[in-house]
Every structure is written in C-alpha cells, then in structure tokens.
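Coordinates in review
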Amino acid sequence: MIGDGMGVNYFGTSLLNNPGSPFYYFKTIGFSITKSADHLITESAAGATAIATGYRTNNKQVSDSPNGKSLETILELAQKLKLATGIVVTSEIVDATPSAFITHSKSRYEKEDIAEQFTKSKLDVVIGGGLDFLLPGSSGGKRKDNKNLIDAVKSNHYDFYKNFDELKNKKSEEKLYAILSKDGLPKASERNYTLGDLTKIAIDNLSKDPDGFVLMVEGSQVDWAGHDNDADYLLNEVKDFTTAVRAALDFADADGNTLIIITADHETGGMAITGGNLDGSNLELNFVSKDHTAGVVAVLAKGPGEENFSGIYNNYEIGRKLFHLIDPEYKFFDIQK
C-alpha cells in the first residue's frame, strides 16, 4: 500500500486527528531513503520502481534499469508463482506508480504504450482511472493509434466496468478491469465511494485464489494535494487512504496469513503540521515546496514477515524484502549504494 508523496508528517495528520486511525495498529516501523539512481530527489516512476523491482533506476524510467534493461517486478514474479495479482489506484492506471508494478518503459510519459502493456499483463484486477489512454480519439479518448484497448481487454475475458455503481453491483467473479474516469478519479471529497470500497472489491476477488495474491493499492492523490500545497485536499486524501488500510486490516485479521506493507515512494511538499487544536482538529499545514523532497518516508508492516521491515534502509531494499518473502531463493546480482 503506497501513499504517493506521503511523508512522515502526512501519517501524523491521521494520528493526531483520528484516535481510531488504522496506523495505530502497526507496531513494526521502518524508514526508507528515497533517492533514485541519478538524483537525490526521486520522482514517482523511479521511486515506485525501487519498491516494485528491488533496483534503483533513473528518474522517469519505469521498471527499466538505467541502461534500459527490463527489471522483473513483484507482480510479474507473483504471476510466475501462480499467485493472483491486482492494482488499485486513484490516478490513471498508466500513472507512474501503477505502471512501475507491471510495465516497462524508458519514460513514464509513454502512456499509450504503457496502457497497451497493461492490457497484456495478465493482472486479475485493475481498478483506477484512465479511459483516455484506452480509447482512440474517435471514441472520445486520446490514443493516436486508433486502437480500442477496451475491446482488447474484453477479448481477454475480463469483465469491464466504467462506473462504480456497475462495479459494486457486479455478479461475476471473473477477472475485472474497472476504469472509472477519463483521467484520474475524482477527489475523495467528490466521490460517493472510497478507496477502501475499491480495495475491498479487489481483495474479495483476489482472495478466492487458493494460492494467494499480491495487491498494490495507491492513494495517488495524496501526492497531488502535496504538489498543490492544498491542506484540505491533503487531509481528505489521507483519510481516503486510511479507508483502504482499514479494508486491508479487516481482511488480514480474518485471514491470519496476510502481510500488509504501507509506505511512500517519496515525500511531497516538505509538509509540516504547524498548528491546530489539542484534539487534532483544525490542523494547520505548511509547505516548503510544491515539489518532492528527499525526506525519508515511513514503512509500516503488519503480518507474517513484518520483522523484516524495521530499521532504516534504502528504498530498493523494500522490493528485495518483498521478493524474498514470496520467493526466498530469488537472486539479486548487483550491490546498490
């Protein structure tokens, strides 16, 4: 679970204004250093690549090494091991973080190609926005190659949903794509559903696989709020992200054999909590930037293997820990600094 841009103080907003914050349920805590291969301050593609593959890469690259070699992702490894896989985000599915978990590109901005890679990826569940990148201009989208990727998805035996009402009332248990908006999903404050609702639907589907599953959930717009230096937007998106954490905890508590990891790809805005009431209401937030910073981010873990995630380490080590949990014999050949 990734709160995009969600630095330590972002977690603090939930802890201060919500005594029932699900973050209180995590006892194993670590810190991740988020630089990329070529910059002290990473952006989301390189930050997510480190988590998804166990390797650092250059800014803007999507699960490719700096020299252009494709790097296996945790979801690709899970598929090899016959596990179910899914992605749930509040951005376009072709945005940097989700892309890094299942596609490969020299640039995060090659979104038409990334969208086509998604349709060939064999994910079991995909939920997010981005219809524009699946449809040609003649059908209201933005693709310049005239391909209708929704047809391709349906031909691969996926159920396809274009709005939440259809999705929540679905009858089928087949693999699903739910692309619920032309670009990113509406802000949390403008939706009649939460990221938690979407996460629960994904878990309900994936958990039917007797071999288990790996799911990546992103609170994408936490980052967008940080870029905007918009306190109300930020607080609402963090709250929305906690609904997904709650859904994951509810499943994991009942299942007894599920590991939950919560972290961020980087910090955005240099946000500080500079005032508010004693009970955490009316928090005052201030920012030092409208861009990313090099601040360390938290890593919260709960479940089997959680002890691997305490301490201070580099962001790519998160990926390596995840790989070794599902495949203890997996070999990494380089030493990254």
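A few points on the structure.

Parameters at a glance
- Here the residue index of a chain counts from 1 through its sequence in written order.
- This being a predicted model, a pLDDT of at least 70 is required before a residue's local features are given, and a value of 80 or more before pairs of side-chain atoms are given or counted; all residues contribute to the totals for chains, interfaces and linings.
- Excluding hydrogens and water, the side-chain values take into account all heavy atoms of the structure.
- Under the DSSP-based scheme used, a helix requires at least four consecutive residues in state H or I and a strand at least two consecutive residues in state E, with every element numbered from the N terminus.
- Note on method: radius of gyration uses C-alpha positions; expected globular size equals 2.2 Å times residues raised to 0.38.
- Accessibility here uses a 1.4 Å probe with only protein chains present; expressed as a share of the type maximum, an area under 20% marks a residue as buried, one over 50% as exposed, and anything in between as partly exposed.
- Whether two residues are in contact is decided by their heavy atoms: any pair within 4.5 Å suffices.
- Reported accessibility uses the Shrake-Rupley method at a 1.4 Å probe radius. Residues are deemed covered only where the shown protein chains occlude them.
- When charges are tallied, Lys and Arg are placed among the positive residues and Asp and Glu among the negative ones, while His and the ends of the chain are skipped.
- Charged groups are reduced to one reference atom each: NZ for lysine, CZ for arginine, CG for aspartic acid, CD for glutamic acid.
- For two strands to count as paired, DSSP must find a minimum of two bridges between them.
- For every element, the axis is a line fit to its C-alpha atoms; helices are fit only across the contacting stretch, and the angle between N-to-C directions ranges from 0 to 180 degrees.
- Oblique is the label for any angle not covered by the other classes, which are roughly parallel (under 35 degrees), roughly antiparallel (over 145) and roughly perpendicular (65 to 115).
- Residue classes follow a fixed rule: Ala, Val, Leu, Ile, Met, Phe, Trp, Tyr, Cys and Pro count as nonpolar, while Asp, Glu, Lys and Arg count as charged, and any other residue, Gly among them, counts as polar.

A word on the overall build of the protein
In terms of regular secondary structure, the protein is built from 11 helices and 14 strands. What you see for the protein is a C-alpha radius of gyration of 19 Å, in line with the 20 Å of a compact globule of 337 residues. The dimensions of the protein, computed from C-alpha atoms along their principal axes, are 55 × 45 × 40 Å. Here the protein holds 337 residues, and 58% of them are scored as buried. Of the contacts made within the protein by residues no fewer than 6 positions apart, 68% connect residues no fewer than 24 positions apart. For the protein, the exposed surface amounts to about 14,100 Å²; the carbon and sulfur share of it is 50%. Looking at charge distribution, the protein has the averaged site of its 35 positive side-chain charges lying 3 Å from that of its 48 negative ones.

Here's the deal with the sheet that holds strand β3 (residues 84-92)
Taken in spatial order, the 6 strands of this open sheet run β1-β7-β3-β4-β6-β5, and their pairing is parallel. For this open sheet the edge positions go to β1 (2-3) and β5 (159-161), each flanked by a neighbour on one side alone. When strand β4 (residues 125-129) meets strand β6 (residues 176-179), the two strands line up parallel, connected through 4 bridges. The residue of β6 that forms the bridge with valine 126 is tyrosine 177. Taken strand by strand, helix α9 (residues 221-228) contacts β3 and β7 (213-219), and its axis lies near 25° from that of β3.

With respect to the pairing of strand β13 (residues 297-302)
Counting buried residues along β13, 5 of its 6 residues qualify, which places the element largely inside the surrounding structure. Where strand β2 (residues 28-33) meets β13, 5 bridges bridge the pair, whose relative direction is antiparallel. Across the sheet, the residue bridging to phenylalanine 31 is alanine 298, located in β13. In terms of strand pairing, strand β8 (residues 260-262) meets β13 through 3 bridges, oriented antiparallel. Note on β13: the bridge partner recorded for isoleucine 260 is lysine 302.

Side note on the packing of helix α2 (residues 44-53) against helix α11 (residues 315-326)
One way to put it is that α2 packs onto α11 with a least axis distance of 5 Å and a crossing angle of 30°. Considering the angle they form, α2 stands roughly parallel to α11. Only Asn315, Tyr316, Ile318, Gly319, Leu322 and Phe323 of α11 make contact with α2, whose side of the interface consists of Ala50, Ile51, Ala52 and Thr53. Within the contact of α2 with α11, the residues separate by chemical class into 7 nonpolar, 3 polar and no charged.

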